[in-house]
Amino acid sequence: MENVLIVSNTSSTMGIIADLFRSESFSRIAAAQSGSEARRLITETDFDLIIIDTPLPDEMGNDFAIVASEKTSAGIILIVDSNNLPEISATVEDFGVFALPKPISSELFYQATKLLSAARRRIQTLESENNRLQKKIEEIRIVDRAKLILIQVLKMTEPQAQHYIEKQSMDLRQTRLTTAESILRTYES
């Protein structure tokens, strides 16, 4: 993790949390003292971890946690009074927000941040794989459209159209996608 946002209305809490992170590999620690300031920051920067120490001066903090979970891929820790933990945890857990009781031990806090860090890396790997597969599906669609054009316009069979695209790609030393796009530009205009 590199970027951390600490949202708290008390500078002592911010200092304690920031000190815990200084020993780790975090390149940037940002701070906000209200929900509105934190909302602005998450639109400007992609954070890996967001820690919210409730209550905030302009809101409780669980609303911001939910907004942050919907608008970012950051791991989110919501630190709440232990008396309110069951109620608030039930509200935010469906949004992937991890609620911890106040006062919090440094060991529990450390374990929670490591857990969220590992989960975030896993999610990023899955998102990367998903993006790769989406690109592959789009390539297949374009190549299939080009084959259909060759079948309709040049009266080729499907295997002939497939062979034509593969041969053109090899001969011109380009991808099948580039060849298919060229065919589409030629015959769809």
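Preceding this paragraph is the structure being described.
All of these numbers come straight from a predicted model, not from anything done at the bench. (Residues numbered from 1 in each chain as written. Predicted model: local features only at pLDDT ≥ 70, side-chain atom pairs only at ≥ 80, totals over all residues. Heavy atoms only, no water.)

**Q** Just checking my understanding: could you explain the overall build of the protein chain for this structure?
**A** Counting secondary structure elements, the protein chain contains seven helices and five strands. Along the protein chain, from the amino end to the carboxyl end, the secondary structure elements read β-α-β-α-β-α-β-α-β-α-α-α. In terms of overall dimensions, the protein chain is more spread out than a globule: its C-alpha atoms have a radius of gyration of 25 Å, far above the 16 Å expected for 189 residues. Along the three orthogonal principal directions, the C-alpha set of the protein chain runs to about 75 × 30 × 25 Å. A total of 189 residues make up the protein chain; the buried ones form 38% of that total. Within the protein chain, residue pairs in contact and separated by at least 24 positions form 61% of the contacts whose partners lie at least 6 positions apart. Summed over all atoms, the accessible surface of the protein chain reaches about 11000 Å², with 52% contributed by carbon and sulfur. Each charge class in the protein chain was averaged separately, 21 positive and 27 negative side chains, and the resulting centres sit 11 Å apart. (Helix = DSSP H or I, 4+ residues; strand = E, 2+ residues; numbered from the N terminus. Rg over C-alpha atoms; globule rule 2.2 N^0.38 Å. Buried < 20%, exposed > 50% of the residue type's maximum accessible area, 1.4 Å probe, protein only. Contact = heavy atoms within 4.5 Å. Areas by Shrake-Rupley, 256 points an atom, 1.4 Å probe, with all protein chains shown as cover. Lys, Arg positive; Asp, Glu negative; His and termini not counted. Charge placed at Lys NZ, Arg CZ, Asp CG, Glu CD.)

**Q** Help me understand helix α3 (residues 62-71), please; the structure alone is not making it clear to me.
**A** In an α-helix there are 3.6 residues to a turn, and that puts residues three or four apart on one side. When we look at burial in α3, the residues that qualify are Asn-62, Phe-64, Ala-65, Ile-66, Ala-68 and Ser-69. Buried residues along α3 sit against β1 (3-7), α2 (35-44), β3 (49-53), β4 (75-81), α4 (85-92) and β5 (97-102).

**Q** Looking at this structure, how should I read the sheet that holds β4?
**A** Two strands in a sheet stick together by hydrogen bonds in their backbones, pointing the same way (parallel) or opposite ways (antiparallel). An order of β2-β1-β3-β4-β5 is seen for the five strands of this open sheet, with the pairing classed as parallel. Only two strands of the sheet have a single partner each, and these edge strands are β2 (28-32) and β5. Each neighbouring strand pair of the sheet contributes to a mean axis angle of 20 degrees, computed without reference to strand direction. For β4 and β5, the ladder comprises six bridges, and the chain directions are parallel. Pairing of Asp-81 across the sheet is with Lys-102, part of β5. Each of β1, β2 and β3 touches α2; the most contacted strand, β2, lies at about 145 degrees to it. Across the sheet, helix α5 (residues 106-153) lies against β3, β4 and β5, angled at about 150 degrees from β4, the strand it touches most. (Pairing = 2+ DSSP bridges. Axes fitted to C-alpha atoms, helices over the stretch in contact; angles between N-to-C directions.)

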